[in-house]
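Listed below, chain by chain, are the residues.
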Amino acid sequence: MAALVAAGSAQAVDLYVPGSDNDPHVRSADFLIGDQRYFSAAAELLQQLGEQPDRQLAPAFYRRLAEATLSFGMQQRADTIYRELGANSTDPVALARARIRVAEFLYQRGHYDEAIQDLNALRPGLPKAAILEWQDTLGRALLAQGRYADAAQVLLEIKDAGPQRAYTRFNLGVALINDSKAPQGINVLDRIGQMAAKDDDDLAIRDKANLALGYHFLRQQQGGTAVPVFERIRSDGPLSNRALLGLGWAYLAPTGNRQKKQAVGDEVPNELNAFKSFSTIGVLLRPGFLDDDIYRRAGLRSFRLSKASQEEEAALKRALVPWIELVSRDPRDPAVQEGLLAIPYTLDRLGAHIQAQEFYERAIEALESGRKRIDETATYVRSGRMITTMVRRTADAESGWTWELKDLPDAQETDFLQTLISENRFQEPLKNYRDSLLMRRNLEAWSARIDELQASYAKREQPAVPADVLVTRQLERGAADDAADLPVVATPPVELKAAEDLTVPDAPATPAPTPESAVALQTSETPPPTAFDGIFERLQKIEDRIAAVRPKVSAAADQQAKLIEKLALDDLAEQRRTTEKYLIEARFALARIYDRNLKGDTQ
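Procedures and definitions
Residues numbered from 1 in each chain as written. Predicted model: local features only at pLDDT ≥ 70, side-chain atom pairs only at ≥ 80, totals over all residues. Heavy atoms only, no water. Helix = DSSP H or I, 4+ residues; strand = E, 2+ residues; numbered from the N terminus. Contact = heavy atoms within 4.5 Å. Polar contact = N/O pair within 3.5 Å; in protein donor to acceptor, adjacent residues only side chain to side chain. Phe/Tyr/Trp six-rings, centres within 6.5 Å; stacked < 30°, edge-to-face > 60°. Buried < 20%, exposed > 50% of the residue type's maximum accessible area, 1.4 Å probe, protein only. Lys NZ or Arg CZ within 6 Å of the ring centre and 35° of its normal. Expected span 1.5 Å × (residues − 1). Arc of directions from axis to C-beta.

Caption draft 1: Structural view of the environment of Tyr215. Tracing the chain through its elements places Tyr215 in helix H12 (residues 200-219). Sequence spacing of Tyr215 and Arg242 is 27 residues, and the spatial spacing of their C-alpha atoms is 9.7 Å. Apart from the residues within four sequence positions on either side, Tyr215 is in contact with Phe230, Arg242, Leu245 and Gly246. A polar contact of 2.8 Å, which involves the side chain of Tyr215, links it to the backbone oxygen of Arg242.

Shown next, in the form of structure tokens:
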């Protein structure tokens, strides 16, 4: 029995490999990675290397290290590890997905050329299970560069890897339309716009497909085709305001011709339309809503219609319906601001000049108020308050690159910057800023801890027993232990020779030392003494390294903060220019009505 236990213990010891899945450091890193504490996971793994960075460990160690470093945002180190693992990888699918994830990191950071280059290099021998992810990432990178033909070719290249996800299909539709293959692109977007949504992501991409398709028809003067597409969008969603605005203009646009769809090649025979929803704009603006007196609901007084044709009057009345719903929403939205001008434009066309004048005056007041708030928001952004409030709630999170700003603080500046904040070009420097602050706090905490340890070391009390006594006791104890282990042997007598027998001929006689004279000893073979490297000295080296790194981390944080501030101020400046453009249009239209009043042609 004892032999079996011993054999089992020996086998368990033999199975342990440094850096393997059973290594305590790797298992601890697994837990930290699962908890999204990527910085701590990387530190845990690097601690195992210690002072031997070239030490070779098991592949599991390097896979965890690459995952932790990439997730925290250190792409170059992760990419190097993945490339080195590629030659001897036993799981090509996992390695391919890891390389695609590196390309996704480059794409989100705006390094499109590098992402495309890495993905093209990955294409030979790409496992089938990773094709869809490869297509999606490469397609988005090509679209970001405006290479629509290349993007369409990539997204249509492989059709036997399974069904593509909805947002990949959306990118395909956009690429086809911009590549002069509008019928195929329309078919793709139309199918997405009518799909049965399973979650919020499906609802969002369905609305996005319908909005893109509706405005495409609107630009092509196909108003009759655009109307039902806009009506499929949710009445209460991030794209509903733009859909209401587009729906009104679609009623005023030419009806156009019936559109023909062209097959893409992946259609399902007898595919049923599973789109069913009661929260769309088409349901909100139902026929009963349209038949009601739109002028009364808009708060308009009686007026004499102009000499517009009956068909034109019906179109103008239909356009008022979505716009009146639109202007009841947030006036900071550019779509709502345009609606504030669209309503008096319609009223003026109908002949309600005085009431159009009132709406223009209301629009000018709202636009001026919005411009003032934009200026106040710019002041808040320059004060640095914006980014501070954004990262304050998750200041200690180590999620790094995977971190997302999911809840905006209740601050004025976030109201005007919601669209910008959702974009990668804003999110990525915000992540860098967060990580820089996290690293700076870690360095400051370590520096304070080292100062405490050094102060405690300098103020330590002397031991009760002097150090020389402790050393002597230890030496005596060791000598006694050694003597106890040796056999007792009689010591032979030592024969001493006279000093003159050791005298060198013709050499001057050496005077005998006196008791008072000191004897100088010299050991020529002993190496020169080196500097003592104790705990105090090692702590000092660490503190010197921290002192050298802290300015660099602070400079990186300041650089990212300035980039975020510039992005926000540029976006606010663009919004201000749009608001001023609407103000000019409103004032010009109002002046035209005033001029008409002077001539007496009003009602």
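Caption draft 2: Focus on the packing of aromatic side chains. This structure, assessed with the given rule, holds 6 aromatic pairs. Relative to Tyr62, the ring of Phe61 lies with its centre 5.1 Å away and its plane at 90°, an arrangement referred to as edge-to-face. Across the pair, Tyr62 and Phe61 agree in class, each one buried. Look at Trp249 and Tyr345: their rings are 6.1 Å apart centre to centre, the planes differ by 50°, and that puts the pair in the tilted class. Within this pair, whereas Trp249 is found in helix H14 (residues 240-252), its partner Tyr345 is found in helix H19 (residues 334-350), the two being separated by 96 residues in sequence. Connected via pairs of aromatic rings, a cluster forms that spans Trp249, Trp323 and Tyr345. The cationic tip of Arg385 hangs over the ring face of Tyr380; the distance from NZ or CZ to the ring centre is 4.3 Å. We note Arg434 situated over the ring of Trp403; from NZ or CZ to the ring centre the distance is 4.6 Å.

Caption draft 3: Just helix H5 (residues 75-86), in detail. In a regular helix each residue adds 1.5 Å, so 12 residues correspond to 16 Å; H5 covers 16 Å between its end C-alpha atoms and thus fits that length. The complete set of buried residues in H5 reads Gln75, Ala78, Asp79, Ile81, Tyr82 and Leu85. Seen end-on, H5 carries its buried residues on one side only, within an arc spanning 165°. Exposed positions of H5 whose direction lies more than 90 degrees from the buried face are Gln76 and Glu84.

The values are spatial; any link to function lies outside them.
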